[in-house]
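The chain contents come next:
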Amino acid sequence: AARAQIIQCRALASLGQSQQSISAGAEARRIFHEAGDLAGEAGALHSMAEVPINQGDLAKAKELYEHALDIARKIGDKRAAARELGNIGLIFVQEGDLATGEKMYAEALANFRDIGDKHGMSVVIGNTGEIRQAEGRLEDAAAEYRDALMLAREVGHRSSEAIDLQLIGDVLADQGELNGA
């Protein structure tokens with residue numbers, strides 16, 4: 001029942017039905033909590049963060065991700081911890097705090113490396129490239145994007161590959177190399 005509530009929470013969030021999504025997520029969290037399923041509870045918190053993200057309430061989303069991160073660390077779930085660290089990092093970057101965002105990404109990357117999750121590594125490395133690009137460090141950004149692309153290709157993640165190629169093209173265009181873009 002709780003997993004169905006999480007699916008409903010995500011679906012309703014994507015449809016813009018915020019209040020119903022929050023209710024479904026809260027119900028899932030309650031069920032998982034009562035069952036002592038901390039991983040499920042963390043997953044519910046993660047899903048519940050979609051609503052404030054969609055509404056632009058970064059502080060509320062960060063609070064939910066941080067709570068999910070605390071649980072992931074408590075139970076030793078490095079994949080969930082890495083996911084939450086990456087999401088928290090994205091929020092810091094969106095808020096303009098590139099340094100803290102980068103710290104979150106570095107910790108997420110270490111967790112993804114520890115568990116051998118190359119797709120997760122690819123996403124975080126690409127996000128780090130976006131920080132480099134925002135800082136005007138275009139060569140470093142391109143290097144990060146190429147590393148992310150290599151990993152995305154290695155695991156066959158086509159959508160990540162497409163994003164990385166687009167980002168490399170953006171850097172080339174920023175550098176005035178329109179033929180390579």
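Keep in mind it's a predicted model, so treat the numbers as computed, not measured. (Residues numbered from 1 in each chain as written. Predicted model: local features only at pLDDT ≥ 70, side-chain atom pairs only at ≥ 80, totals over all residues. Heavy atoms only, no water.)

### Notes on the overall build of the chain
Operational definition: Secondary structure elements are defined from DSSP: runs of H or I of at least 4 residues count as helices, runs of E of at least 2 residues count as strands, and each element is numbered from the N terminus. Radius of gyration here uses only the C-alpha atoms, and the compact-globule reference equals 2.2 Å multiplied by the residue count raised to the power 0.38. Between buried and exposed lies partly exposed: a residue is buried under 20% and exposed over 50% of the maximum accessible area for its type, with that area taken using a 1.4 Å probe on protein chains only. Only heavy atoms matter for contacts: two residues are in contact if any of them lie within 4.5 Å across the pair. For the area figures, the Shrake-Rupley method with a 1.4 Å probe applies, and any residue is considered shielded solely by the protein chains shown.
From N to C terminus, the chain includes 10 helices and zero strands. Along the chain, helices and strands appear, N-terminal first, in the series α-α-α-α-α-α-α-α-α-α. In terms of overall dimensions, the chain is globule-like: its C-alpha atoms have a radius of gyration of 18 Å, near the 16 Å expected for 181 residues. Seen along its three principal axes, the alpha-carbon backbone of the chain occupies a region of about 55 × 35 × 30 Å. Taken across its 181 residues, the chain has 43% of its residues classed as buried. When contacts within the chain are restricted to residue pairs at least 6 apart in sequence, long-range pairs at least 24 apart make up 46% of them. Accessible surface, the chain: about 9,200 Å² in total, of which carbon and sulfur atoms supply 51%.

### Quick notes on helix H3 (residues 38–48)
Side chains that are three or four residues apart share a direction in an α-helix, a result of its 3.6 residues per turn. What counts is decided by this rule: Under the rule applied, a polar contact is a pair of N or O atoms within 3.5 Å (in protein, one hydrogen donor and one hydrogen acceptor; residues adjacent in sequence only if both atoms are side-chain atoms).
In terms of burial, H3 is largely enclosed, as nine of its 11 residues are buried. Listed as buried for H3 are Gly40, Glu41, Ala42, Gly43, Ala44, Leu45, His46, Ser47 and Met48. Put simply, Asp37 is the residue that caps the front of H3, since its side-chain oxygen is 3.3 Å from the backbone nitrogen of Ala39.

### Notes on the pattern of salt bridges
To keep things clear, this is the line we draw: Note on definitions: salt bridges are taken to be side-chain nitrogens of Lys or Arg within 4 Å of carboxyl oxygens of Asp or Glu.
In total, this model carries 18 salt bridges according to the counting rule given. A salt bridge links Arg30 to Glu27; its shortest N-O distance comes to 2.5 Å. Of this pair, Arg30 and Glu27 both sit in helix H2 (residues 18–35), three residues apart, which is roughly one turn of that helix. Relative accessible area serves as the criterion here: at 28%, Glu27 is assigned to the partly exposed category. A salt bridge links Arg137 to Glu135; the shortest N-O distance between them is 3.1 Å. Residue Arg137 is classed as partly exposed on the basis of its relative accessible area of 36%. Overlapping salt bridges, with partners in common, bring together Glu102, Arg132, Glu135, Arg137 and Asp140 in one network.

### Quick notes on the packing of helix H5 (residues 58–75) against helix H6 (residues 78–94)
Worth spelling out the cut-off: Note on definitions: angles span 0 to 180 degrees between N-to-C directions of axes, and those axes are lines fitted to C-alpha atoms, for helices only across the stretch in contact. Working definition: roughly parallel below 35 degrees, roughly antiparallel above 145 degrees, roughly perpendicular at 65 to 115 degrees, and oblique for all remaining angles. By definition, any crossing whose near helix is turned counterclockwise from its far helix by less than a right angle is left-handed, and any crossing with a clockwise turn is right-handed. Each residue gets one label: Ala, Val, Leu, Ile, Met, Phe, Trp, Tyr, Cys and Pro are nonpolar, Asp, Glu, Lys and Arg are charged, and the others, such as Gly, are polar.
The interhelical angle for the contact between H5 and H6, taken along N-to-C directions, is 155°, at an axis separation of 9 Å. Looking at the two axes, H5 sits roughly antiparallel to H6. In the packing of H5 onto H6, the handedness of the crossing is left-handed. Contact residues: H5 offers Leu58, Ala61, Lys62, Tyr65, Glu66, Ala68, Leu69, Ala72 and Arg73, while H6 offers Ala80, Ala81, Glu84, Leu85, Asn87, Ile88, Ile91, Phe92 and Gln94. Looking at the contact of H5 with H6 residue by residue, the class counts come to 12 nonpolar, two polar and four charged.

### A few points about the environment of Gly169
If you trace the backbone, Gly169 turns up in helix H10 (residues 158–174). Residues Gly169 and Tyr145, 24 residues apart in the sequence, show an inter-C-alpha distance of 9.9 Å.

### Some points on the environment of His33
Turning to its location among the elements, His33 is positioned in helix H2. When its relative accessible area of 53% is taken as the criterion, His33 is described as exposed.

### A word on H2
The cut-off we apply is this: Between the first and last residue of a helix there are one fewer steps than residues, each counted as 1.5 Å, and that sum is the expected span. Our arc is simply the arc of the directions from the helix axis toward the C-beta atoms.
Between its first and last C-alpha atoms H2 spans 26 Å; for 18 residues at 1.5 Å apiece the expected length is 26 Å, and the two agree. Those residues of H2 that sit buried are Ser21, Ala24, Gly25, Ala28 and Phe32. Here the buried residues of H2 occupy an arc of 95° about the axis, which is enough to place them on one side. Of the exposed residues in H2, the ones pointing more than 90 degrees away from its buried face are Gln19, His33 and Glu34. Lining the buried residues of H2 we find helix H1 (2–14), H3 and helix H4 (50–55). Gly36, located one to two residues past H2, shows a positive phi value of around 75°.

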